[in-house]
There are 2 protein chains.
Amino acid sequence: MTAFCLESGVLADGRQILYFNTADGAGRASFADKRDLGERARAGHMRHDVLRDEWIAVSAGRNARPQLPVDCPLCPSRDGELTEVPAPDYEVAVFENRFPSFGGAPGESGHTHGIEVSAPATGRCEVVCFSADHDASLVDLPPERVALVVAAQAQRTADLAARGDVEQVFCFENRGVEIGVTLHHPHGQIYGYPYVTPQTSRHLDAARRHRDETGRNLFGDILEAERKGPRVVAANDLWTAFVPYAARWPFEVHLYPNERFADLTELPSAYIEAFAPLYLDVLRRFDAAFPEGRMPYMAGWHQAPVREGRDLAWLRLEIVSNRRAAGKVKFLASSESVMGGFVNDLGPEKAAQILKDAL
Amino acid sequence: MTAFCLESGVLADGRQILYFNTADGAGRASFADKRDLGERARAGHMRHDVLRDEWIAVSAGRNARPQLPVDCPLCPSRDGELTEVPAPDYEVAVFENRFPSFGGAPGESGHTHGIEVSAPATGRCEVVCFSADHDASLVDLPPERVALVVAAQAQRTADLAARGDVEQVFCFENRGVEIGVTLHHPHGQIYGYPYVTPQTSRHLDAARRHRDETGRNLFGDILEAERKGPRVVAANDLWTAFVPYAARWPFEVHLYPNERFADLTELPSAYIEAFAPLYLDVLRRFDAAFPEGRMPYMAGWHQAPVREGRDLAWLRLEIVSNRRAAGKVKFLASSESVMGGFVNDLGPEKAAQILKDAL
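First, a word on scope: everything that follows refers to the structure included in this document.

The rules behind each value
- Residues numbered from 1 in each chain as written.
- Chains lettered and ligands numbered in written order.
- Predicted model: local features only at pLDDT ≥ 70, side-chain atom pairs only at ≥ 80, totals over all residues.
- Heavy atoms only, no water.
- Pairing = 2+ DSSP bridges.
- Helix = DSSP H or I, 4+ residues; strand = E, 2+ residues; numbered from the N terminus.
- Least-squares fit on C-alpha atoms with pLDDT ≥ 70 in both.
- Contact = heavy atoms within 4.5 Å.
- Buried area = accessible area lost by both parts, 1.4 Å probe.
- Salt bridge = Lys/Arg side-chain N within 4 Å of Asp/Glu carboxyl O.
- Polar contact = N/O pair within 3.5 Å; in protein donor to acceptor, adjacent residues only side chain to side chain.
- Nonpolar A, V, L, I, M, F, W, Y, C, P; charged D, E, K, R; others polar.

**A short note on the pairing of strand E1 (residues 5-10) of chain B**
Residue and element names in this part refer to chain B. The sheet contact formed by E1 and strand E2 (residues 16-21) spans six bridges and is antiparallel. Paired with Cys 5 across the strands is Asn 21, a residue of E2. Linking two consecutive strands that pair antiparallel, namely E1 and E2, is a turn of five residues; a positive phi of about 95° is found at Gly 14 within it.

**Section: the relation of the copies chain B and chain A**
With an axial shift of 0.0 Å and an RMSD of 0.0 Å, the rotation relating chain B to chain A amounts to 180°. Expressed as a symmetry operation, the mapping of one chain copy onto the other fits a two-fold axis. Judged by C-alpha distance, Leu 332 of chain B is the residue of chain B that lies nearest the rotation axis, at 4.2 Å. Same-surface contact between copies: 100% of interface residues of chain B are shared with the interface of chain A.

**Some words on the interface of chain B and chain A**
Listed per partner, the contact involves 87 residues of chain B and 87 residues of chain A. Roughly 7200 Å² of surface becomes buried between chain B and chain A when both sides are summed, with 54% attributable to carbon and sulfur atoms. Here chain B and chain A share eight salt bridges between them. We note a salt bridge from Glu 116 of chain B to Arg 231 of chain A, for which the minimum N-O separation is 2.9 Å. Along the contact surface separating chain B from chain A lie 32 residue pairs in polar contact (both at pLDDT 80 or more). Class assignment of the residues belonging to the side of chain B that touches chain A gives a composition of 40 nonpolar, 25 polar and 22 charged. Bridging between strand E4 (residues 54-58) of chain A and strand E18 (residues 342-344) of chain B involves three bridges; their strand directions are parallel. Looking at E18 of chain B, one finds that Ala 57 of chain A is bridged to Val 343 of chain B.

As structure tokens, then:
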């Protein structure tokens, strides 16, 4: 089921497009991109935040990206409407982001000037179209399609990891205007970061300390504790979905495979096929939690970095929503945004109960 | 100018209220709170996030707080309309938050159950009303009033630091519905955290490494570099306001005193008096940057923790906005919220130029 046929094409400005098809001979890459896109966007650069020892991508070109345009650029090209996808139909399509935070055409070089240190924003940003149907949402798709999306994410992870300039691959989806999506068409994104992200570094530091102290894997211990506890929202033989003990967000669910894999490239087909229906179940619970319908959410895979911590990491998906009550949104205001001090206004057990009762 | 007369009263449920007056004998604390508030909200608890080694406050009682109510609870009590402020007028009033993230009446105790560790959410949350005028904004107030607000913040910092259960004091303001404010009345807040916040820990770790390597203060080196650079937005003899080299937000300005003070309690009156007009100048630039008028913002003081890093910290105010262009808001979506990977879509020099040109 999670096998696929891959076709690769090139967009008018040189960006790569990939079609993930369930059957051979779709011939989608044979459709040429007839747009005049001009020059490809140049990459920005990164600056070192000396107070936090973190990299900040500076990507002024992104500010011009379209916000909820009338003509959807992620629909297939049909009836003379030329979009980012030249083929007249597709199942799952992946292409390089036209407004990338990382990568693009060769950009600025780095420099060091006292404590001011910059580096080229190498890496790669991709868009993953989940369906040609503009009005669908991931939750509406059949499990086979969700499995194809995950298989595509795994292929992209392997491909980006093989580049010299990517240190971590993050596959994610932002859904809902309350989260800031600029396009409604069902899609996710992939960031191939040229650095290991701060959160992943912290998780791996904690896992390393835990292993040194106990000899055990921290994520395995978390999973074992959660599986016995009151916050499991849904589960099957291979996966467990739970609200974590110390959730930051009013709604936050982590989906762990019951066995350790470092990243999607290690995930066996049986796990991908078992993930899809469980994930759809969790998404349906999110959407049914409040009478106003679809929840805004952010969802992404925590994967091991390409070159470090692979013996410690435990692949898992995290889905969070900023809705804290019917009609109310949790904002990350000063305490969270400036100080990193998180306040959960709902409570993890309450959130788990709402999601369990939702269907 | 920053001297004040302090009056202290008690609200109906036992919470403290303080009036900061410019003249003696205002008699504001003599007005009794005639409301029937019932029992005071109990404190929540904190949970240890083992993956990040951070504390998360769980405060289910806060979810009931009013959102943009018709009758403003921060206006003075007048004509039978009873509010959080019993006096019929005030200059600056500070009271304990009715819906606190930290503190309140004694609450749950902590426990340790394997890797699940919790602690009481001690500490204190306060509301700081900047003016009795419901329709004013801080930017509309005279510099003398802003100085009185800062003097009040300094007094509260000293008072909270003297409690045994506060490790860090954060004085801040969230302004604008795009930031999530639930009350329009001009006000700020104070969090007396029972722990040192993650961001402050990171800053102090960086400062410690820098001192070990160079013998110098990191914040002093940042200030020196920025004062020579292209991102200074405004300055006077005692303060410098600049967009930092590696800003995370499209609009982000840091206001440093030109000399090191660990926190507001150390700040001499001359510095408070020089801060007020400069801060108002920066706020006016924010509001003039885009034709749609008032910018949403978060602003807060970075202060030294109560018991550590006081020889390293450098008091400064940070103001950030999530507006990235006219009519467009920057969301902290998956890359920032889940991975901690920040992307600045505007660019620090561009932001500084917009603010410099705004007035």
